[in-house]
Structure formats: C-alpha cells, structure tokens
Amino acid sequence: MCQAEREASKIVQKAREFRTKRVKEARDEAKNEIASYKSQKEEEFKKFEAEHSQGNQQAEDEANKEAEKQIQLIKEAGKKSQAGVVKNLLAAVLEAKPQPAVRA
Amino acid sequence: MSQHALSDQQVDNELRKMTAFIKQEAMEKAREIEIKANEEFEIEKSKLVRQETDAIDSQYEKKFKQATMSQQITRSTVSNKTRLKVLSARQELLDNIFEDAQKKLNEGAKDKGKYQKALKGLILEGFYTLNESELQIRARKQDYDVVKKAITEAEQEYKKKVGKDTKGTINEQQPLPEGSAGGVWIVGGDGKIDINNTFEARLELLKTSAAPAVREALFGKNENRKFVD
C-alpha cells in the first residue's frame, strides 16, 4: 500500500513538473514568435525606406535637370534681349514725360 | 458461530483493489493537471504574443508615418531649392542688365542736341511737380551751357501749359560732381524740397518700376501671376 501511495505520488509529481515546464515553454515560444514578428516588421520597414530614398534621389535628379534647362533658357533669353532692354532702359532714363498737375 | 476474518485471498483482492484505486486516482489527477497545464500554456503564450505584437505594431506605425513625413519634407525642400536656383538665375540676369545700363549712362550726355532735349524734359518735370515761381537747378559744371538752354525751353513750355511764370537758376555754388553721368537736381521750397532727376537716380527708380516690363521682355508673360495692379 505504501508503495502504491509512493507511486501515486510520483505520478502526480510528474504531472506538476510537466505543468511548470509548460509555463516556461509558453514564455519561450512566445518570445520566439515575437522576435520573428519584429524582425519581419523591421524588414518591411527597411524595404519601405530603401524604396523611398531611391524615389527621393530620382526626384532630386529630375528637379535639378529641369532647373538646368530653365537656367539655360534664361541665359539664352539674356543673350538675345539684353542689348535691347539696356537700350530701352537708357531711353527711359533720358525721356521724362512731364505732366502738369491736374487741379481737382 | 465465529466469523473468520477475511481470507488471505480476499485480503489480497482488497489490497489489489485499493492499490488500483489509488493508482487510478493519481492518474486522473495527473491527467487533470496536464490538461490544465496545456490550457495555461495556450492562454499564456497567446497573451504574451498579442501584447507584444500590438506594441510592435503601434511602434512601427509611428515609424512608417515618420518616414513618410520626412520623405515629404525632403521632396518639398528639394523643389524649393531648385525653384530658388532658377529664380536667382533670373535675378542675376536682371542685375547684369542694370549694371550694363549703369555703365552706359553717360552716353546720354554725348549728343548735345539729344541731351538738351532730355534735360528740358527733366527740368520741366521738376517745374510741374514743385510748382513754384523760382527754382534752383543743380548740374555738372560741364553741362552749364546746355542746361541754361534747356531751362529756357522748359520755362517757355511751362508758361504755355500752366499759364504762370517760373524761373530756373543754376546754383553754381553746388554743382553736381563731374563723375555723375548727367541730369539735374531741381530744388525748391527754399532749399528744403528737391527732386533728384540725375541719370543715376532715374536708373535706380527704374530698377523697381521697370522690373515687371523687363521681366516680360526677357521671359515672356508669367502665367502664374494673379495680381497685376
């Protein structure tokens, strides 16, 4: 009888140990799942950043090209019209259009 | 009649039954514990995972939002920079043009006939604006002759248009510096009011008043402009 009780006790003890082990397993497995979730999110994020910094670079290059084009146009307009504009300005300096004051 | 105690075999049986019973109870109890353990495992694990993944989700939502915003800021900064580049190129051209005009200012005084005509107009402007019967004129020493003639012409036209007399006298105590490109000052109000009609001053005024016209002449009409007064 005593032996039976001892054996019974062992059986229950084993079950209790199993329970403790399960709690720890829960924490460990959770930790792993969480870690892999996080690294998956981080990968998504890094991909997002990389795509966008590339997009930014493209946008900047295009904008610079466009600016260069415009600046070129400005220089050409200058070459074409500068002399004429200067002439007109000098003429305006010389030419006053005097008007007598109009009495109300 | 004497009752015997249980026979050996019966005792044996009883013992066996009790042993089996104890074992059975233990196993049932152990089973219960195992089931509970597995339930707790599931609950604890899914609780931990959900807590942490929620936190991670909100953390990354913030990160994504910030990254998007900083990208928008970068784009806007770039577009501003390039716009400024273009605008400053335009301004440079304008500045060059006015510098060019500045250098050529004194050509206006070379042709005496044209210069006299111009001076008449400048002096007349002063006459009309100040509207006094006596005014002082400041000019370059080398211009005195042509200025005197221009004053006379201006006085005549003033009389014609306004019907009053006015007299302009050169103030020889205060000539304009030789380095000036040309033009005159007209002084009235007992020396307190003056009109600077020198070439330099007029060009300076043109920098603001003529800028829109110059821009249009160089770059064409501005489609984006909303206010033209």
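The sections below set out a description of the structure shown in this document.

What counts, and where the lines are drawn
- Residues numbered from 1 in each chain as written.
- Chains lettered and ligands numbered in written order.
- Predicted model: local features only at pLDDT ≥ 70, side-chain atom pairs only at ≥ 80, totals over all residues.
- Heavy atoms only, no water.
- Helix = DSSP H or I, 4+ residues; strand = E, 2+ residues; numbered from the N terminus.
- Rg over C-alpha atoms; globule rule 2.2 N^0.38 Å.
- Areas by Shrake-Rupley, 256 points an atom, 1.4 Å probe, with all protein chains shown as cover.
- Lys, Arg positive; Asp, Glu negative; His and termini not counted.
- Charge placed at Lys NZ, Arg CZ, Asp CG, Glu CD.
- Buried < 20%, exposed > 50% of the residue type's maximum accessible area, 1.4 Å probe, protein only.
- Contact = heavy atoms within 4.5 Å.
- Axes fitted to C-alpha atoms, helices over the stretch in contact; angles between N-to-C directions.
- Parallel < 35°, antiparallel > 145°, perpendicular 65-115°, else oblique.
- Left-handed = near helix turned anticlockwise from the far one by under 90°.
- Nonpolar A, V, L, I, M, F, W, Y, C, P; charged D, E, K, R; others polar.

So, the overall build of chain A
For chain A, the helix and strand inventory stands at one helix and zero strands. Taken against the 2.2 N^0.38 rule, which gives 13 Å for 104 residues, the C-alpha radius of gyration of chain A at 43 Å runs more than 25% over that of a compact globule. Projected onto the principal axes, the alpha-carbon positions of chain A cover approximately 135 × 45 × 10 Å. Surface exposure of chain A reaches about 7,800 Å², of which carbon and sulfur atoms provide 50%. Computed over 22 positive and 19 negative side-chain charges, the inter-centroid distance for chain A is 3 Å.

Focus on the overall build of chain B
Scanning chain B from N- to C-terminus turns up five helices and four strands. Of the regular secondary structure in chain B, the N- to C-terminal order runs α-α-β-α-β-β-β-α-α. Against the globule reference of 17 Å for 229 residues, chain B gives a C-alpha radius of gyration of 52 Å, more extended than a compact globule. Seen through its principal axes, chain B has C-alpha atoms that stretch 175 × 35 × 35 Å. Here chain B holds 229 residues, and 34% of them are scored as buried. The long-range share in chain B, meaning contacts at least 24 apart out of those at least 6 apart in sequence, stands at 73%. Counting every atom, chain B has about 15,500 Å² of accessible surface; 50% of that belongs to carbon and sulfur. On chain B, the mean spot of the 41 positive side-chain charges and the mean spot of the 39 negative ones are 8 Å from each other.

Concerning the packing of helix H1 (residues 8-103) of chain B against helix H5 (residues 211-219) of chain B
Residues and elements named next belong to chain B. Running from N to C, H1 and H5 point in directions that differ by 110 degrees, and their axes come no closer than 11 Å. By the angle between their directions, the pair H1 and H5 is classed as roughly perpendicular. For the pair H1 and H5, the sense of crossing is right-handed. Between H1, through Arg90, Leu93, Leu94 and Ile97, and H5, the contact on the second element is made entirely by Val214, Arg215, Leu218 and Phe219. When the residues that make up the contact of H1 with H5 are grouped by side-chain class, the tally is six nonpolar, no polar and two charged.

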